[in-house]
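Listed here are the chains, written in short residue letters.
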Amino acid sequence: QRGHSFRLQEMGDVKVIGAILSLFCTRVEWALKLKGVEYEYMPEDLRNKSELLLKNNPVHKKVPVLLHNGKPIAESLVIVEYIDEAWKENPLLSQEPYERAQARFWARYSDELVMVVFNACKSQGEDKVKAIETALKSLAFIEKEITGKKFFGGDEIGFFDLAMGWISYWLNVMEEVGDMKLLVADKFPSLHEWTQNFAQVPLIKECLPPRDKLVEYFTASVTYLRSLAAQSP
Amino acid sequence: MAEEVKLFKTWSSPYGLRAVWALKLKGIEYESIDEDHDNKSPQLLQYNPVHKKIPVLIHNGKPVAESLVIVEYIDETWKQNPILPQDPYECATACFWAKFGDEKVLPSIWRVFIQEGKAQEELLGQAMENLKFLEEQLEGKVFFGGEKIGLVDIALGWIANLTCMLEEISGLKLITQEKFPLLFGWMQNFVCTVFVCLNPKPTERPRQLGGLQALDY
């Protein structure tokens, strides 16, 4: 119908170069789906990177990369903000500068926490204990932000939720592989409730990768990294 | 109601300077509060309980932390002399390069200067590669932002300030006119525009590299 084809014209040609298991790539898909933007997904084998990826992200050679009418954008949070600016319906960020600043602050914090949790996952002994401690302190700050709200964005999912989204799914896999408990419901009740609310949203759920594949991937990564650590002096 | 703008920073931090430059580019009056890195004030800890770091901007009592988040906030709050481009693609590109500066360029340069001998040689390769990417971005431009200073210039401004100081202390020349002519030229332009026209306090120079705390924030 006319409305549909006008919409497609507006969207332009949208491609996502990504890896199914990557939480950073899933963020981009969530953003596009929330905006109702149609895109072509181009899966990468990260052990054998394509010319397309290397050409479009020569600096980092990483996924995700968004291609909009052939023009590349890299870095997941930069991509999500771009998506919000390029397609105006269903805004992900508030128009108000202070709220935007808060969302951006917490999005950066979320990315730091990914590294902390992964570090806790792969570490052993004293390093693991310290990383877990750091992760728990961070989760306590995040708990405060979600207390009294359904989503970080308020009544609707927004940029802040998409940035934190990995906590609703990838975190639990890292807990399992790393043999640790971080997001315990009675310690972080509001955040725990948010993970349930967030992961149940159909658009969010349909982008989640198979859990068994994620467990397999993290197990392999952790085994490899621990073997490297065992070899170094 | 009069605007109340305060900035918690330190005398040396390049992250704090970003917020200073952004405020000065916009012509915003603000109160500067210099923190002691080893003895942080209760106000700072109250305004930034998560990181307990500077810079923190307080606008009418509300705190904003993280230097690039602050710069974007300043740009979105005060519309004169825009720092970020209007076009979404150009804006995303600027944010990408600012992030690259922080996550790759700054650590790679810092690591070169704190190592010696063979380790330094190995790290040099990585730093040079990162600088080459920046050199390419300056093709046909005066500043990374084009004709005027933009987000990327502010984000990378520490190169103009810190690298010269580190080169002088260590004797290792990283950014020369032969190797990086555009970047070298940019540093001169940036220093002229920002340090002369905007005139923050000149920095003291510590005698030993070990005593340098300029990157703590």
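What you see is a predicted model; the values in this text were computed from it and never measured. (Residues numbered from 1 in each chain as written. Chains lettered and ligands numbered in written order. Predicted model: local features only at pLDDT ≥ 70, side-chain atom pairs only at ≥ 80, totals over all residues. Heavy atoms only, no water.)

### Notes on helix 9 (residues 189-200) of chain A
All names here are of chain A. Between its first and last C-alpha atoms helix 9 spans 17 Å; for 12 residues at 1.5 Å apiece the expected length is 16 Å, and the two agree. Within helix 9, the full set of buried residues consists of Ser-190, Leu-191, Trp-194, Thr-195, Phe-198 and Ala-199. All buried residues of helix 9 fall inside an arc of 150° around its axis, so they share one side. Of the exposed residues in helix 9, those oriented more than 90 degrees away from the buried face are Glu-193 and Gln-200. Where helix 9 is buried, its residues touch helix 2 (23-35), helix 6 (125-146), helix 7 (159-164) and helix 10 (202-205). (Helix = DSSP H or I, 4+ residues; strand = E, 2+ residues; numbered from the N terminus. Expected span 1.5 Å × (residues − 1). Buried < 20%, exposed > 50% of the residue type's maximum accessible area, 1.4 Å probe, protein only. Arc of directions from axis to C-beta. Contact = heavy atoms within 4.5 Å.)

### Section: the nonpolar core
By size, the foremost hydrophobic cluster in this structure holds 150 residues, and its most contacted members are Leu-32, Leu-66, Leu-162 and Trp-166 of chain A together with Leu-134 and Trp-186 of chain B. Considering each element in turn, this core owes the most residues, 14 residues, to helix 4 (residues 88-114) of chain B. Dropping the residues within four chain positions of it, Leu-66 of chain A is found in contact with Val-14, Lys-15, Val-16, Val-28, Leu-32, Lys-71, Pro-72, Ile-73, Ile-79, Tyr-82 and Ile-83 of chain A. (Core = buried A, V, L, I, M, F, W, Y, C linked by side-chain atoms within 4.5 Å.)

### Describing the sheet that holds strand 3 (residues 65-68) of chain A
All names here are of chain A. The 4 strands are arranged 2-1-3-4 in an open sheet whose pairing can be described as mixed. Of all strands in the sheet, those bounded by a partner on one side alone are strand 2 (40-43) and strand 4 (71-74). Put simply, the sheet's adjacent strands are angled 20° from each other on average, direction ignored. Where strand 1 (residues 14-18) meets strand 3, 4 bridges bridge the pair, whose relative direction is antiparallel. In the sheet register, Val-14 faces strand 3, and the bridge partner there is His-68. Of the strands in this sheet, strand 1, strand 2 and strand 3 touch helix 2, which is tilted by about 160° from strand 1. (Pairing = 2+ DSSP bridges. Axes fitted to C-alpha atoms, helices over the stretch in contact; angles between N-to-C directions.)

### Regarding the packing of helix 1 (residues 14-26) of chain B against helix 3 (residues 67-77) of chain B
Residue and element names in this part refer to chain B. Closest axis-to-axis distance for the helix 1/helix 3 pair is 9 Å, and the angle between their directions is 10°. Comparing the axis directions of helix 1 and helix 3 gives the class roughly parallel. Residues Tyr-15, Arg-18, Ala-19, Ala-22, Leu-23 and Lys-26 of helix 1 form the contact with helix 3, whose participating residues are Ser-67, Leu-68, Ile-70, Val-71, Ile-74 and Asp-75. Looking at the contact of helix 1 with helix 3, its residues break down into 8 nonpolar, 1 polar and 3 charged. (Parallel < 35°, antiparallel > 145°, perpendicular 65-115°, else oblique. Nonpolar A, V, L, I, M, F, W, Y, C, P; charged D, E, K, R; others polar.)

### Some thoughts on the UniProt feature "domain: GST C-terminal" (unreviewed entry) in chain A
Following the UniProt record, one finds the feature "domain: GST C-terminal" (unreviewed entry) at residues 96-221 of chain A. For residues 96-221 of chain A, helix accounts for 71% and strand for 0%, while the C-alpha atoms at its two ends are 41 Å apart. (UniProt positions renumbered as here; feature names shortened; annotations may be inferred.)

### Examining the interface of chain A and chain B
Tallying the contact residues gives 25 residues for chain A and 26 residues for chain B. Note on chain A versus chain B: buried area summed over both sides is about 2,400 Å², and carbon and sulfur give 69% of it. Summed over the three residues of chain A that lose the most area to chain B, namely Val-59, Tyr-98 and Phe-105 of chain A, the buried surface amounts to 25% of that side. Glu-76 of chain B is the salt-bridge partner of Arg-100 of chain A, the closest N and O atoms lying 3.0 Å from each other. Counting the contacts that link chain A with chain B gives 7 residue pairs in polar contact (both at pLDDT 80 or more). The set of elements that each furnish at least two residues to the side of chain A that touches chain B consists of strand 4, helix 4 (76-86) and helix 5 (97-122) of chain A. (Buried area = accessible area lost by both parts, 1.4 Å probe. Salt bridge = Lys/Arg side-chain N within 4 Å of Asp/Glu carboxyl O. Polar contact = N/O pair within 3.5 Å; in protein donor to acceptor, adjacent residues only side chain to side chain.)

### Details of the confidence of the model for chain B
Residues and elements named next belong to chain B. Of the residues in chain B, 89% have a pLDDT of 70 or more, and the chain-wide mean is 87. Across residues 204-217, where pLDDT falls below 50, the model places 31 contacts with residues more than four positions away in sequence or in other chains. At the level of chain-chain contacts, confidence expressed as ipTM amounts to 0.93, with global pTM at 0.92. (pLDDT = per-residue confidence, 0-100.)

### What to know about the sheet that holds strand 3 (residues 56-59) of chain B
Residue and element names in this part refer to chain B. If you trace the 4 strands from one edge of the open sheet to the other, you get 2-1-3-4, paired in mixed fashion. Whereas interior strands pair on both sides, the edge strands pair on one side only; in this sheet they are strand 2 (31-34) and strand 4 (62-65). The average angle at which neighbouring strand axes cross in this sheet is 20°, direction not considered. Sheet topology note: the strand 1 (residues 5-9)/strand 2 ladder contains 4 bridges and is parallel. By the bridge assignment, Phe-8 is partnered in strand 2 with Ile-33.

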